[in-house]
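Coordinates in review
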Amino acid sequence: MVRIFAVAVLVLAVLANVSAYTFQVEPKSQECFYESIGKDINTVIDYHVLRGGLLDIRFEVALEQQYPDVKLLIETLHFEDQHSGRYEFVAPETGTYRICFDNRMSRFTAKVVEFSISVNDGRWGTGGGHAKSEHFKNMDQQARQLSDAVDDFTRHQHYLRAREIKHRNMIEETNSRVVIWSIVESTVLFAVSLFQIYTLRRFFEIRKVV
Amino acid sequence: MTAFRDPALPCFPVPAGGGVEKCFREEYTRDSVVIGSFKAPPSADSSLQFKIMDSRANHVWSMNEKDESDFRFTADMSGNYIFCFTDSPKLSITREGSSRLVEFKLNSGVEAKDYTEVATQEHLAPLELEMVKLSELADEINQDFKYFRSRENAMQRTSSSTHSRALWSSLLSLGVLVSLGAAQVYYLKRFFMAKKLI
């Protein structure tokens, strides 16, 4: 009974660990976030560009040291089809880490970015807790495995949701592009043919061929 | 346990001077319960302005003068909700380039529910409470997947509408092209006949 309780507590403790933020990065600007992370803590940053142009953004993670020194951990230009949008690292030192999404390479398009940080805060600890007998050790391990699996599941669901939003945006944009394109094309064709007629008339009238 | 505050809560800077608004957006379905909190270090010459707006730009929540607070609301309609932070200076002169780091937490659904209340109301033992939480979580996951399915359906419809619109658009432009060409030829023929050139 106690073990079921432990499983339940572990499962729920896991789910509160993912915090996601969705925001817009204006062209020619960047948005930065600061996070305190302890040494040797396994950190995962998942990010998606939901909308805007080629869905590209410059992603950077740096460790802030004695001002003005900054130790760059990663700086990459993220493209939709080339990168996974996931950065996993083990924090080299305790300190403030700066996570930036840079849209300065874009002149007109704003980008909507969504990111989340998951931190493995070593909640399992060392040793098996109070479990002494073999029977309980197995249960403990199962509980931890279950909790990790639920953690993965939550992340997958989050990823699916972000992709759904991204695809929905793209499809809606495509649909309105088709409508606008048809109207523009018909108008241009009409105008061009009128212009042709008018030019020909003028051509003959000036020359006074008649 | 680590010595830090709540793990995995990043801070973002809100520049002083009130010119820049830092906004976050989140999609909620109707009747979702949303709770959250924000926290900023106190400052002598400015206060933090926080507001929540729904997709029709109605104010759902407004809070000035508070550097730290909790909030809670129920989403009246499905759509995008925007959470904005602005710095409002108390004096007319502010330090250039300074900014405050704000911590912001947002939860919805099962995470937002107050289970201690449920426990006292229904007289549940701690283990039973955890079971109830798990069960409601499973329900929420189920509902989330149903929502995914309905959204996938809507996308499928939009996609096939785009598909047929592309076809009709091509046929339309083809038709316009051919008819304009024929009209031009007809008009020119009439014109030259009138001018006795043909």
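Residues numbered from 1 in each chain as written. Chains lettered and ligands numbered in written order. Predicted model: local features only at pLDDT ≥ 70, side-chain atom pairs only at ≥ 80, totals over all residues. Heavy atoms only, no water.

**Re the interface of chain B and chain A**
Just so we agree on the cut-off: Only heavy atoms enter the contact rule, under which two residues are in contact if any of them lie within 4.5 Å. Two parts placed together each lose some accessible area under a 1.4 Å probe, and adding up what both lose gives the buried area. Here, a salt bridge means any side-chain nitrogen of Lys or Arg that lies within 4 Å of a carboxyl oxygen of Asp or Glu. In protein, a polar contact means a hydrogen-donor-capable atom and an acceptor-capable atom, both N or O and within 3.5 Å, with residues adjacent in sequence counting only if both atoms are side-chain atoms; elsewhere, any N or O pair within 3.5 Å suffices. The secondary structure listing takes helices from DSSP runs of H or I that are at least 4 residues long and strands from runs of E that are at least 2 residues long, numbered from the N terminus. Put simply, Ala, Val, Leu, Ile, Met, Phe, Trp, Tyr, Cys and Pro go in the nonpolar bin, Asp, Glu, Lys and Arg in the charged bin, and everything else, Gly too, in the polar bin.
Contact residues are listed per partner, giving 52 residues for chain B and 58 residues for chain A. When chain B packs against chain A, close to 5,100 Å² is buried across both sides, 68% of that on carbon and sulfur atoms. The salt bridge involving Arg161 of chain A is made with Asp144 of chain B; its shortest N-O contact spans 3.3 Å. Connecting chain B to chain A are 17 residue pairs in polar contact (both at pLDDT 80 or more). Elements with a minimum of two residues in the side of chain B that touches chain A: β1 (11-15), β2 (21-28), β8 (99-108) and α2 (126-194) of chain B. In terms of residue class, the side of chain B that touches chain A is built from 32 nonpolar, eight polar and 12 charged.

**A word on the environment of Phe59 of chain A**
Residue and element names in this part refer to chain A. Rule in force here: Using a 1.4 Å probe on the protein chains alone, a residue whose accessible area is under 20% of its type maximum counts as buried, one over 50% counts as exposed, and one in between counts as partly exposed.
Following the sequence through the fold, Phe59 ends up in strand β4 (residues 57-64). On the accessibility criterion, Phe59 (0% relative accessible area) is buried. Not counting the four nearest positions on each side in its chain, Phe59 is found in contact with Ile45, Tyr47, Ile74, Glu75, Thr76, Tyr87, Ile99, Cys100 and Phe101.

**Digging into the nonpolar core**
Keep this limit in mind: Residues enter a nonpolar core if they are buried and are Ala, Val, Leu, Ile, Met, Phe, Trp, Tyr or Cys, with the set joined through side-chain atoms within 4.5 Å.
Counting residues in each nonpolar core, the largest one holds 46 residues, and the members touching the most others are Phe101 of chain A together with Phe83 and Phe104 of chain B. Among all residues touching Phe101 of chain A, those that are not within four sequence positions of it are Phe23, Val25, Ser29, Gln30, Glu31, Tyr47, Ile57, Arg58, Phe59, Val113 and Phe115 of chain A. Counting residues in each nonpolar core, the second largest holds five residues, with Tyr115, Ala119, Leu129 and Leu137 of chain B among its members.

**Some remarks on the sheet that holds β2 of chain B**
Residues and elements named next belong to chain B. Operational definition: Between any two strands, at least two bridges found by DSSP are needed for them to pair. Axis angles are defined between N-to-C directions and span 0 to 180 degrees, where every axis is a line fitted to C-alpha atoms and, for a helix, only to the segment in contact.
Ordered in space as β2-β7-β4-β5, the four strands form an open sheet in which the pairing is antiparallel. Two strands lie at the open edges of the sheet, namely β2 and β5 (59-63), each paired on one side alone. Here the strands of the sheet are splayed against their neighbours by 15° on average, with no regard to which way each runs. Examined bridge by bridge, strand β4 (residues 46-53) and β5 share four bridges and lie antiparallel to one another. From the neighbouring strand, Lys51 faces β5, where its bridge partner is Ser62.

**Description of the confidence of the model for chain B**
The condition that has to hold: Think of pLDDT as the predictor's per-residue confidence, scored from 0 to 100.
For chain B, mean pLDDT is 82; residues scoring 70 or higher make up 91% of the total. As scored by the predictor, the complex reaches a pTM of 0.76 and an ipTM of 0.75.

**Considering unusual backbone geometry**
Despite not being glycine, Lys28 of chain A has its phi angle at roughly 60°, a positive value. In this structure, Lys28 of chain A sits in the loop between β1 (19-25) and β2 (30-37). The backbone phi angle of Ala57 of chain B is positive, close to 65°, even though this residue is not glycine. Relative to the helices and strands, Ala57 of chain B resides in the loop between β4 and β5.

**A closer look at the state of the cysteines**
Put plainly, two cysteines are in a disulfide when a covalent bond ties their sulfur atoms together. Which entries qualify depends on this criterion: The disulfide criterion is simple: two cysteine sulfur atoms within 2.5 Å.
The full count for this structure, using the stated rule, is two disulfides over all chains. A sulfur-sulfur separation of 1.9 Å characterises the disulfide bridge that pairs Cys32 of chain A with Cys100 of chain A. Disulfide Cys32 of chain A-Cys100 of chain A: torsion about the S-S bond near 105°, hence right-handed. On the criterion of sequence distance, the pair formed by Cys32 of chain A in strand β2 and Cys100 of chain A in strand β7 (residues 95-102) is long-range, its members being 68 residues apart. Taken as a pair, Cys32 of chain A and Cys100 of chain A share a single burial class, namely buried. At a sulfur-sulfur separation of 1.9 Å, the disulfide partner of Cys23 of chain B is Cys84 of chain B. For the disulfide bridge between Cys23 of chain B and Cys84 of chain B, the dihedral angle about the S-S bond is near 110°, and by the sign convention the bridge is right-handed. In this pair, Cys23 of chain B sits in strand β2 while Cys84 of chain B sits in strand β7 (residues 79-89), placing the two residues 61 residues apart along the sequence. The exposure class of Cys23 of chain B is partly exposed, given its relative accessible area of 25%. Classification of Cys84 of chain B by relative accessible area gives buried; the value is 1%.

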